[in-house]
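# Topology and contacts: notes
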Amino acid sequence: MTITFITGANKGLGRETARRLIECGHTVLVGARDRDQGEQTAAALGARYVPIDVTDDASVTAAAANVAAHEGRIDVLINNAGVHGPAGDPSGLTAADALAVLDVNLIGVVRTTTAFLPLLRRSDDPVIVNVSSGMGSLALTHDPDRPESHVIAPLYTSSKAALTMLTTQYAKALKDIRVNAADPGYTATDLNGHSGPQTVTEGTDAIVTLATEEPGSGSGRFLSRHGEIAWS
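First, a word on scope: everything that follows refers to the structure included in this document. (Residues numbered from 1 in each chain as written. Predicted model: local features only at pLDDT ≥ 70, side-chain atom pairs only at ≥ 80, totals over all residues. Heavy atoms only, no water.)

The subject of this paragraph is the environment of alanine 206. Looking at the element boundaries, alanine 206 is found in helix 9 (residues 205-212). For the pair alanine 206 and leucine 223, spaced 17 residues apart in sequence, the C-alpha to C-alpha distance is 6.0 Å. Look past the residues within four positions of alanine 206 in its chain and what remains in contact with it is Ala182, Asp183, Leu223, Ser224 and Arg225. (Helix = DSSP H or I, 4+ residues; strand = E, 2+ residues; numbered from the N terminus. Contact = heavy atoms within 4.5 Å.)

Written out as structure tokens, the structure reads:
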């Protein structure tokens with residue numbers, strides 16, 4: 001039985017990923033900061049709720065200890081929790097704004113990955129999926145034919161660019177673990193006021209693909225629902 005832990009799994013892409021992976025036969029652990037939403041989601045899907053705030057060291061450590069005590073390992077870690085931050089004119093951005101976005105989208109991934117690595121290493125086929133974005137791609141955000149090029153979200157895009165690079169570094173260093181990044185695409189979620197043209201099911205295609213691949217599949221890749229994206 002594949003055991004999968006998902007951060008930010010109480011709604012949006014995280015919840016839909018949990019639902020689909022349960023359909024695939026995974027035992028899913030719903031990680032979420034909001035206890036009420038997390039418990040409701042877990043109960044509705046047939047998962048187990050694990051409280052986690054990826055911006056808090058003690059909370060992340062406690063979450064890993066919780067899983068160690070109950071499941072003893074995980075096979076797949078999906079770093080999905082994310083925030084958008086201010087959009088538009090960056091003239092008024094503050095250091096506090098930047099820290100708040102990076103603390104979830106980048107540093108939260110580091111916290112969670114470090115805490116859960118011992119549990120992943122108990123798996124026969126450990127996998128990490130970082131939910132990044134084409135908004136962090138230099139190539140896509142400079143292509144006028146792509147929707148990513150028409151959005152100004154300085155902190156979100158910067159955090160996702162950093163996350164894709166972090167993914168490649170983990171993939172190079174952690175030879176015993178498959179580490180890949182997923183681009184959901186422009187999906188209707190709370191993050192964008194449900195303005196995206198894709199459904200959450202379409203938005204989770206790449207995440208689910210990376211979480212369900214056969215052992216020995218490649219590491220250090222950036223995948224969308226349409227295929228691999230170049231690291232640029």
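Overall, mixed pairing links the eight strands, which are arranged 3-2-1-4-5-6-7-8 in an open sheet. Looking at the sheet topology across the chains shown, the edges are occupied by strand 3 (48-51) and strand 8 (227-228). Bridge count for strand 1 (residues 3-6) against strand 2 (residues 27-32) is four bridges, and the pairing is parallel. For threonine 4, the partnering residue across the bridge sits in strand 2 and is valine 28. Packing against the sheet, helix 7 (residues 154-173) makes contact with strand 5 (127-131), strand 6 (178-182) and strand 7 (222-224), and its axis sits at approximately 160° to strand 6. (Pairing = 2+ DSSP bridges. Axes fitted to C-alpha atoms, helices over the stretch in contact; angles between N-to-C directions.)

What follows is about the pattern of salt bridges. If you walk through the whole model with that rule in mind, you get 14 salt bridges. A salt bridge links aspartate 57 to arginine 111, with the nearest nitrogen and oxygen atoms 2.6 Å apart. Taken as a pair, aspartate 57 in helix 3 (residues 57-70) and arginine 111 in helix 5 (residues 107-120) lie far apart in primary sequence, 54 residues in all. Glutamate 202 is the partner of arginine 225 in a salt bridge, and the nearest nitrogen-oxygen pair spans 3.9 Å. Residue arginine 225 is located in the loop between strand 7 and strand 8, and its partner glutamate 202 is located in helix 8 (residues 200-203); the two are separated by 23 residues in the primary sequence. Here glutamate 202 falls in the partly exposed class, since its relative accessible area comes to 27%. (Salt bridge = Lys/Arg side-chain N within 4 Å of Asp/Glu carboxyl O. Buried < 20%, exposed > 50% of the residue type's maximum accessible area, 1.4 Å probe, protein only.)

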